[in-house]
Amino acid sequence: MGLKIIGTGSGLPGKIVTNNDLAEFMDTSDEWISQRTGIRQRRILSGSETLLELSTKAAAEALQEAQTSPDEIDLLMVTTIGGDYKTPALSCLLAGELGMNCITLDVNMACCGFLYAMHTANAYFCAGMAKKVLIVSAEALSRLTDWTDRSTCVLFGDAAAAAVLEHSDCEPVFSMELRGKDGWEHLHATRGTDNCPFNNFENNGFLHMNGQDIYKFAVSSITARIHALLDTCSLTIEDINTVLLHQANLRIINGAVTRFGHPEKFPHNMENYGNTSSASVPLLLHEVKGNFRPGDKLILCAFGAGLASAACLLEW
Amino acid sequence: MKEKVLDIIAAYKGVDAADIATDKPFNDIGLDSLDVAELVMQIEDACGVEIDITPELNCIDKLVEYIESK
């Protein structure tokens, strides 16, 4: 028993912010950013745009492609670091927009969110508790970014991407790791403004990242997760058609290619969107799936705050 | 050890090891922070040591000294 992805969609902010746009208000340049990250532009929520709007668009597109009506969905999961409101959950609001009345969950696993939601969907399928699951990964990193810190604000973007999963005989294989107390502080964001007079929790709400430590974590985690999947299935990288990595930084993808070879198997689109946290893997899937053939073996792999890493090997 | 480290860095940069200044800061020899992170991972694998990247390890000479002290 397992799962099959039968529809995908995306919802992107209208505003495109290029590296040159950033250079207008901070000491940076297109050359500096693109050489160090591979990123050329990103989409940012602007004006009255909301994550709910992006999520609704992505979900509707995925449902349409899956030829599935909202009332056929047994479980809706939204993966997000933070929705438009602290409460209610974005998944509740999205269910309302789509006219759904099913179990809803928000999953806050940062960049690994989509993979954790796939793992949960698979458990629902195996338990006989769902036939179809909708996952929407929706992130507004622009709300967590310190826009005076050029070392981090150039990296991130906002986006939503969705996938409809169906119970099938295609059994996926997962490899997940949570490092526990080891290194979580290298990538974190505090909660933001509170005014409780009884505590002094560090609280500017911004994302903090130690780039060198996260690079080492990312490349070592990708290597470990992919090897674990290949070993479990007695496969080699030659047997895999495409590896969809979390789109954090082109340098990290190059680090993976250094270890596995086959750059053609590692597509990327972070040059257009920056790092969109949990939305990046399903957004890349949505954009490149036209190249897949039935029976192709895919690896989806993400890494991020936790520190967590997760990967899934499945057949298309 | 220094030769081994230099060979790894030379291969990464695609230059001759003899042309790499070992006493200059990494940034001055064209290595940014993520280059250093990648090279440290390759050196860890090649030398069997774990390297904790700190601001003090800012050139090849200091990196080699650190590895030899482990």
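No experiment lies behind these values; they were computed from the predicted model shown.

1. Regarding the overall build of chain B
Inference 1: If you tally the helices and strands in chain B, you get three helices and zero strands.
Inference 2: Ordered by position in the sequence, the α and β elements of chain B form the string α-α-α.
Inference 3: Taken along the three principal axes of its C-alpha coordinates, chain B extends 25 × 20 × 20 Å.
Inference 4: Looking at chain B as a whole, 44% of its 70 residues are labelled buried.
Inference 5: Contacts in chain B between residues at least 24 apart in sequence constitute 53% of all its contacts with a sequence separation of at least 6.

2. Examining the overall build of chain A
Inference 1: A tally of regular secondary structure across chain A gives ten helices and 13 strands.
Inference 2: Its C-alpha radius of gyration of 19 Å places chain A within 12% of the 20 Å reference for a compact globule of 316 residues.
Inference 3: Within the span of chain A, comprising 316 residues, buried residues form 55% of the whole.
Inference 4: For chain A, restricting intrachain contacts to residue pairs at least 6 apart in sequence, the fraction spanning at least 24 positions comes to 76%.
Inference 5: Surface accessibility of chain A: about 13,300 Å² in total, with carbon and sulfur atoms responsible for 50%.
Inference 6: The averaged location of the 36 negative side-chain charges in chain A is 3 Å from the averaged location of its 23 positive side-chain charges.

3. What about unusual backbone geometry?
Outside of glycine, negative phi angles account for most residues, and trans bonds account for most peptide bonds.
Residues and elements named next belong to chain A.
Inference 1: Across the junction of Thr-87 and Pro-88, the peptide omega takes the value 5 degrees, indicating a cis bond.
Inference 2: Tracing the sequence through the fold places Pro-88 in the loop between strand S4 (75–79) and helix H4 (90–98).
Inference 3: In this chain, Gly-306 is followed by Leu-307 through a cis amide linkage whose omega measures -5 degrees.
Inference 4: Mapped onto the secondary structure, Leu-307 falls in the loop between strand S12 (297–304) and strand S13 (308–315).
Inference 5: In this structure, Gln-67 takes a positive phi of about 50 degrees despite not being glycine.
Inference 6: Residue placement: Gln-67 occurs in the loop between helix H3 (51–65) and S4.
Inference 7: Judged by relative accessible area, which is 72%, Gln-67 ranks as exposed.
Inference 8: Residues other than glycine seldom take positive phi values, yet His-262 does so here, at roughly 55 degrees.
Inference 9: The topology assignment puts His-262 in the loop between helix H8 (250–260) and helix H9 (270–273).

4. Describing the packing of helix H7 (residues 211–232) of chain A against H8 of chain A
Residue and element names in this part refer to chain A.
Inference 1: Axis separation between H7 and H8 bottoms out at 9 Å; the angle between their running directions is 45 degrees. Judged on the interaxial angle alone, H8 and H7 are oblique. You can see that H7 and H8 cross each other, and the crossing is right-handed. For the pair formed by H7 and H8, the contact residues are Tyr-215, Ala-218, Val-219, Ile-222, Thr-223, Ile-226 and His-227 on the first element and Arg-251, Ile-252, Gly-255, Ala-256, Arg-259 and Phe-260 on the second.
Inference 2: Of the residues that constitute the contact of H7 with H8, the class distribution is eight nonpolar, three polar and two charged.

5. Remarks on the interface of chain B and chain A
Inference 1: Each partner contributes to the interface: chain B provides 13 residues, whereas chain A provides twelve residues.
Inference 2: When the buried surface of chain B facing chain A is broken down by residue, Leu-34, Glu-38 and Met-41 of chain B rank first, second and third, together holding 51% of it.
Inference 3: Counting across the interface, chain B meets chain A through four salt bridges.
Inference 4: In this structure, the salt-bridge partner of Arg-251 of chain A is Asp-35 of chain B, at a minimum N-O distance of 2.9 Å.
Inference 5: Here chain B and chain A share seven residue pairs in polar contact (both at pLDDT 80 or more) between them.

6. With respect to a negative patch on the surface
Inference 1: The grouping of Asp-182 and Glu-185 of chain A together with Glu-50 and Asp-52 of chain B at the surface amounts to a negative patch.
Inference 2: Note on placement: Glu-185 of chain A falls in the loop between strand S8 (173–178) and strand S9 (187–189).
Inference 3: Judged by its relative accessible area of 40%, Glu-185 of chain A falls in the partly exposed class.

7. Let's talk about the sheet that holds S13 of chain A
All names here are of chain A.
Inference 1: What the four strands build is an open sheet, ordered S8-S13-S12-S11; its pairing is mixed. Both edges of this open sheet fall to S8 and strand S11 (242–245), since each of them pairs with a single strand only. For this sheet the average axis-to-axis angle between neighbouring strands, irrespective of direction, equals 10 degrees.
Inference 2: Note that S8 and S13 share six bridges and pair antiparallel. Residue Met-176 lies in a different strand from S13, and its bridge partner there is Ala-310.
Inference 3: Contacts between helix H5 (residues 113–126) and the sheet are confined to S8, S12 and S13, with S8 contributing the most and set at about 125 degrees to the helix.

Calculation rules
- Residues numbered from 1 in each chain as written.
- Chains lettered and ligands numbered in written order.
- Predicted model: local features only at pLDDT ≥ 70, side-chain atom pairs only at ≥ 80, totals over all residues.
- Heavy atoms only, no water.
- Helix = DSSP H or I, 4+ residues; strand = E, 2+ residues; numbered from the N terminus.
- Buried < 20%, exposed > 50% of the residue type's maximum accessible area, 1.4 Å probe, protein only.
- Contact = heavy atoms within 4.5 Å.
- Rg over C-alpha atoms; globule rule 2.2 N^0.38 Å.
- Areas by Shrake-Rupley, 256 points an atom, 1.4 Å probe, with all protein chains shown as cover.
- Lys, Arg positive; Asp, Glu negative; His and termini not counted.
- Charge placed at Lys NZ, Arg CZ, Asp CG, Glu CD.
- Axes fitted to C-alpha atoms, helices over the stretch in contact; angles between N-to-C directions.
- Parallel < 35°, antiparallel > 145°, perpendicular 65-115°, else oblique.
- Left-handed = near helix turned anticlockwise from the far one by under 90°.
- Nonpolar A, V, L, I, M, F, W, Y, C, P; charged D, E, K, R; others polar.
- Buried area = accessible area lost by both parts, 1.4 Å probe.
- Salt bridge = Lys/Arg side-chain N within 4 Å of Asp/Glu carboxyl O.
- Polar contact = N/O pair within 3.5 Å; in protein donor to acceptor, adjacent residues only side chain to side chain.
- Patch = residues over 30% accessible without salt bridge, like charges linked within 9 Å, V, L, I, M, F, W, Y side chains within 5 Å.
- Pairing = 2+ DSSP bridges.

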